[in-house]
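Listed below, chain by chain, are the residues.
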Amino acid sequence: MPQPMVRGDGALRILFLSNDYAYFAAHRSNIVERLASLDAEMTIAGGNVEGDRMPFPGGSIPALPLPIDFRRLSPARDLATLREIRRLIRRLEPDIVHSFTLKPNLFACLVCAWYRMIRGRAPSLVITFAGLGRAFRADENILHATRNRLVRFALYALVEKAGAVVTCESADDAATLTAAKIARPDRTIVTNGSGIDPRRYSSLPKAQAPLNAVFAGRLLRAKGAGLFLELAQSAKLREFGWRFLVAGWADSADPDSLSPEELNLAAAEGWLEWRGKLDAEEMGELLGQSHALCLPTAYNEGVPRILSEGALCECAILTTEKGNRSSLVLDGETGFVLDANPEAFETALVQLASDPARIARMGRAARQRAVALGIDDRTVTDRFLEAYGLARQPGPG
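Each value, and the rule that gives it
- Residues numbered from 1 in each chain as written.
- Predicted model: local features only at pLDDT ≥ 70, side-chain atom pairs only at ≥ 80, totals over all residues.
- Heavy atoms only, no water.
- Helix = DSSP H or I, 4+ residues; strand = E, 2+ residues; numbered from the N terminus.
- Polar contact = N/O pair within 3.5 Å; in protein donor to acceptor, adjacent residues only side chain to side chain.
- Contact = heavy atoms within 4.5 Å.
- Patch = residues over 30% accessible without salt bridge, like charges linked within 9 Å, V, L, I, M, F, W, Y side chains within 5 Å.
- Areas by Shrake-Rupley, 256 points an atom, 1.4 Å probe, with all protein chains shown as cover.
- Salt bridge = Lys/Arg side-chain N within 4 Å of Asp/Glu carboxyl O.
- Buried < 20%, exposed > 50% of the residue type's maximum accessible area, 1.4 Å probe, protein only.
- pLDDT = per-residue confidence, 0-100.
- Pairing = 2+ DSSP bridges.
- Axes fitted to C-alpha atoms, helices over the stretch in contact; angles between N-to-C directions.
- Phe/Tyr/Trp six-rings, centres within 6.5 Å; stacked < 30°, edge-to-face > 60°.
- Lys NZ or Arg CZ within 6 Å of the ring centre and 35° of its normal.
- Parallel < 35°, antiparallel > 145°, perpendicular 65-115°, else oblique.
- Left-handed = near helix turned anticlockwise from the far one by under 90°.
- Nonpolar A, V, L, I, M, F, W, Y, C, P; charged D, E, K, R; others polar.

Caption draft 1: Spotlight on the side chain of Thr128. Looking at the element boundaries, Thr128 is found in strand E8 (residues 124-129). Here His98 takes part through its side chain, which lies 2.7 Å from a polar atom of the side chain of Thr128. Looking at Thr128, its side chain comes within polar contact range of the side chain of Thr167, at 2.6 Å. Once residues within four sequence positions are removed from consideration, Thr128 is found in contact with Arg28, His98, Ser99, Phe100, Thr101, Asn105, Thr167 and Phe384.

Following this line, the structure appears as structure tokens:
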């Protein structure tokens, strides 16, 4: 049975792989901070690295560029990514490789499976799915559907051979991966999100009028940004006192993204306010003053961080079944679970505007629900430490 690499010098050495450095720095620094308290040695290799070190509260870790194109298959670029991952493992000799999101997960499995097959030993591997994304959704485009089937088959073929421990943000995603025989139940851990500091998000005094409805995040149509734009154009909702606020970034490289021109036109028409990309403090202030958070997503989400932030800020949460994978939203109690169509969301917003006291009740219940689900940094990083411990045990294959 292939064995984990063991260096014997005492300090745990971890290599993180991420398709996007900014994503890792924004959403995974809690893992880095926790591991630093345990004297682990860490390196992050990611796409679009800024500088040669990643800061976190209390220190920094080395940051290395990873040549990765996470939006599309690119044989030459993908081969360069594989070679770089293999080179980094050979040079850094990590005890654990921890990858995030689909393409780094797939490539890390391929490299570690190769190590186990050729050398009889490999770094322990943890792969994290922040959501199942496009690869696990039905697609009417034949080329896209074929690509998605190939990706799922590659994961099926490689995850166990690499000895990987799988972490998912939701139990639904874990069930999907185990049903597809990509992940083994005894080597799968549900983290219930990426972790959040509840102290940074709280309700602020909310004005009685106007009522603020927020959409925040990547401005993809699959995530409901286009639907939210339709809601903002509703004269009926404006008559009921709703104001529509958008916080996020338009990605010109993603054909599914709203364009800056669309958003600027909507703002010029007075339909919405586009705040752009906000930092954590600015987002906390925006949500704290808002009444409803809308995520009309049709995307295979994990546990959307923005829903947890909105709940902690006592917003009523309006989302879809795909957005509610953590069961944060109890329909009619902490918000609404709706079909992904404008009529359903418009009806729910009209109901809330007609009963402002219900908005406040839902908001308080949403915060209580979020805290009870264990979405805080400490609880979530405990689950990642559990995954590391499991990964260090001799795995299958």
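Caption draft 2: Examining a nonpolar patch on the surface more closely. Together, Trp114, Met117 and Ile118 give the surface a local cluster of nonpolar side chains, amounting to about 330 Å² of exposed area. Summarising the element assignment, Ile118 is placed in helix H4 (residues 102-119). A residue is classified by how much of its surface remains accessible, and Ile118, at 52% relative accessible area, is exposed.

Caption draft 3: Molecular detail of the confidence of the model for the protein chain. Per-residue confidence for the protein chain gives a mean pLDDT of 91; residues scoring 70 or more make up 95%. In the model, residues 1-8 has pLDDT below 50 throughout and makes 25 contacts with residues more than four positions away in sequence or in other chains.

Caption draft 4: Representation of the sheet that holds strand E12 (residues 242-249) within the structure. With parallel pairing, 6 strands are arranged side by side in an open sheet as E13-E12-E11-E14-E15-E16. Edge positions in the sheet fall to strand E13 (273-276) and strand E16 (335-338), since each of these pairs with one other strand and no more. Here the strands of the sheet are splayed against their neighbours by 20° on average, with no regard to which way each runs. The pairing of strand E11 (residues 211-218) with strand E14 (residues 292-295) spans 2 bridges and is parallel. Residue pairing for E14: Val214 is matched across the bridge by Leu293.

Caption draft 5: Geometry of the packing of aromatic side chains. Taken as a whole and assessed by the stated rule, the structure comprises 7 aromatic pairs. Arranged with centres 6.3 Å apart and planes meeting at 45°, the rings of Phe16 and Phe100 form a pair that is tilted. A residue pair is termed long-range when its members are at least 10 positions apart, and Phe16 in strand E2 (residues 13-18) and Phe100 in strand E6 (residues 96-100) qualify at 84 residues. This pair shows no difference in class: Phe16 is buried, exactly as Phe100 is. Ring pairs connect the aromatic residues Phe16, Phe24 and Phe100, which therefore count as one cluster. Between the NZ or CZ atom of Arg86 and the centre of the ring of Trp114, over which it lies, the distance is 5.2 Å. Here the basic side chain of Lys277 rests over the ring of Trp249, its NZ or CZ set 4.5 Å away from the ring centre.

Caption draft 6: Quick look at the environment of Glu269. Among the secondary structure elements, Glu269 is positioned in the loop between helix H9 (260-268) and E13. The partly exposed category is assigned to Glu269, whose relative accessible area is 48%. Residues Glu269 and Gln233, spaced 36 residues apart in sequence, show a C-alpha to C-alpha distance of 9.1 Å.

Caption draft 7: Fine view of the packing of helix H3 (residues 75-92) against H4. For the pair H3 and H4, the least separation of the axes is 10 Å and the interaxial angle reads 55°. Here H3 lies oblique to H4, going by the angle between them. Regarding H3 and H4, the two cross each other, and that crossing is right-handed. Residue-level inspection shows Asp78, Thr81, Leu82, Ile85, Arg86, Ile89 and Arg90 of H3 in contact with H4, the latter providing Lys103, Phe107, Leu110, Val111, Cys112, Trp114, Tyr115 and Arg119. Per-class residue counts for the contact of H3 with H4 are 9 nonpolar, 1 polar and 5 charged.

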